[in-house]
Amino acid sequence: EAGVAQSPRYKIIEKRQSVAFWCNPISGHATLYWYQQILGQGPKLLIQFQNNGVVDDSQLPKDRFSAERLKGVDSTLKIQPAKLEDSAVYLCASSPHGVGGTDTQYFGPGTRLTVL
Amino acid sequence: EDQVTQSPEALRLQEGESSSLNCSYTVSGLRGLFWYRQDPGKGPEFLFTLYSAGEEKEKERLKATLTKKESFLHITAPKPEDSATYLCAVRGNDMRFGAGTRLTVKP
């Protein structure tokens, strides 16, 4: 079974530029998550999708971050404009069950973003 | 607000020297406590899910236990390949991760 795929693996941009990350979850997984992991910290949930609907985006900085999950499969996370403090690894995860169910999450390799 | 605290931040062991990692939590309505392993440059890899106090799960040299306030990850006779960061997460109203324990096992 193929795992969660993410691209690109690395991205370096200047502050105030825009960037987008892509995630393809495990086939058949209903729920998709985006996390931000700053060096030395645990992952912080940014947004959770159930199929193509948003379940939780309470910690997403909506003035600069946006995410979508078209057709309930792939997802993109965008930052516009980027700030220095956005430098982090952006992790995508998916789980097979819906909201309220057991939700073991399977993570992709992440995208390491450096903002200069 | 839900909180997860892991200790110690870093742990260095000799090969074969057993030890335990701690995860203390406060959460309104625990719906699951998760342990993950994260290697440098990789995403977290799922290890265990625990749902209720008294529950225990084992996998090779690892054993996870759960009480109403904390969870322990016991590592028995560790090997160098067990070196990694171990993350604890709790599912309450949302998913909260601890900062992790960075484990180094020396041969």
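One can find the structure itself at the top, above this paragraph.
Computed from a predicted structure; not experimentally measured.

Brief notes about unusual backbone geometry
With omega at -5°, the peptide bond leading from A:Q80 into A:P81 counts as cis. Tracing the backbone shows A:P81 in the loop between β8 (75-79) and β9 (88-95). Omega for the peptide link from B:S7 to B:P8 comes to -10°, which places this bond in the cis form. Considering the arrangement of structural elements, one finds B:P8 in the loop between β1 (3-7) and β2 (10-14). At A:R16, a position not held by glycine, the phi torsion is positive, near 80°. As for its position among the elements, A:R16 is in the loop between β2 (10-13) and β3 (19-24). The backbone of A:K71 sits at a positive phi, close to 60°, despite the residue not being glycine.

Side note on the side chain of B:D94
Position of B:D94 relative to the elements: it lies in the loop between β9 (84-91) and β10 (95-97). A distance of 3.2 Å separates polar atoms of two side chains, one belonging to B:D94 and the other to B:R96. Excluding its chain neighbours within four sequence positions, the residues that come into contact with B:D94 are A:D56, A:Q59 and B:D2.

Examining the layout of surface pockets
Of the pockets and cavities examined, the largest pocket occupies roughly 670 Å³. Forming the walls of the largest pocket are 29 residues, and the residues nearest its centre are A:Q37, A:L39, A:G40, A:R112 and B:Q38. Ranked by the residues each element gives to the lining of the largest pocket, the list is headed by strand β11 (residues 111-115) of chain A, at four residues. Considered class by class, the residues forming the lining of the largest pocket number 11 nonpolar, 12 polar and six charged. If you add up the space inside the second largest pocket, you get close to 330 Å³. Every residue lining the second largest pocket is counted, 17 residues in all, and those nearest its centre are A:G42, A:P43, A:K44, B:R96 and B:F97. For the lining of the second largest pocket, the element with the most residues is β10(B), which contributes three residues.

Focus on the pattern of salt bridges
Residues and elements named next belong to chain B. One pass over the structure, following the stated rule, counts eight salt bridges over all chains. For R61, the salt bridge identified is with D82, shortest N-O distance 2.8 Å. Placement of R61 in the loop between β6 (56-59) and β7 (62-66) and of D82 in the loop between β8 (70-75) and β9 is noted, with a sequence separation of 21 residues between them. Residues joined by salt bridges that share partners form a network here, namely E1, D94 and R96.

Considerations on the sheet that holds β1(B)
All names here are of chain B. Spatial strand order, β1-β3-β8-β7-β6: five strands in an open sheet with antiparallel pairing. Both edges of this open sheet fall to β1 and β6, since each of them pairs with a single strand only. Adjacent strand axes in the sheet meet at a mean angle of 15°, parallel and antiparallel pairs treated alike. As judged from the five bridges shared by β1 and strand β3 (residues 19-26), these two strands associate in the antiparallel manner. Within the sheet, the bridge partner assigned to Q3 lies in β3 and is T26.

Re the interface of chain B and chain A
With 19 residues of chain B at the interface, the matching set in chain A holds 21 residues. Between chain B and chain A, roughly 1500 Å² of surface is buried when both sides are summed, and carbon and sulfur atoms account for 47% of that area. At the junction of chain B with chain A, the criterion picks out zero salt bridges. Counting every contact that joins chain B to chain A gives four residue pairs in polar contact (both at pLDDT 80 or more). Of all elements in the fold, only β4 (32-38), β5 (45-50), β9 and β10 of chain B reach the threshold of two or more residues within the side of chain B that touches chain A. Residues that form the side of chain B that touches chain A fall into these classes: nine nonpolar, five polar and five charged.

Thoughts on the pairing of β8(B)
Residue and element names in this part refer to chain B. Alternating residues of β8 divide into S71, L73 and I75, all buried, and E70, F72 and H74, none buried. Bridge count between β3 and β8: six bridges; the pairing is antiparallel. Each residue of the ladder has a partner; that of S24, found in β8, is E70. Relative to β8, β7 is paired through five bridges, and the arrangement is antiparallel. Bridging across to β8, T65 finds its partner in F72. Between β7 and β8, which follow one another and run antiparallel, lie three residues.

Quick notes on the rules
- Residues numbered from 1 in each chain as written.
- Chains lettered and ligands numbered in written order.
- Predicted model: local features only at pLDDT ≥ 70, side-chain atom pairs only at ≥ 80, totals over all residues.
- Heavy atoms only, no water.
- Helix = DSSP H or I, 4+ residues; strand = E, 2+ residues; numbered from the N terminus.
- Polar contact = N/O pair within 3.5 Å; in protein donor to acceptor, adjacent residues only side chain to side chain.
- Contact = heavy atoms within 4.5 Å.
- 1 Å grid on protein atoms, 1.4 Å probe; cavity = no way out; pocket = protein on both sides within 12 Å on 5 of 7 lines; lining within 4 Å.
- Points joined across faces, edges and corners; volume = space filled by probe spheres on them.
- Nonpolar A, V, L, I, M, F, W, Y, C, P; charged D, E, K, R; others polar.
- Salt bridge = Lys/Arg side-chain N within 4 Å of Asp/Glu carboxyl O.
- Pairing = 2+ DSSP bridges.
- Axes fitted to C-alpha atoms, helices over the stretch in contact; angles between N-to-C directions.
- Buried area = accessible area lost by both parts, 1.4 Å probe.
- Buried < 20%, exposed > 50% of the residue type's maximum accessible area, 1.4 Å probe, protein only.

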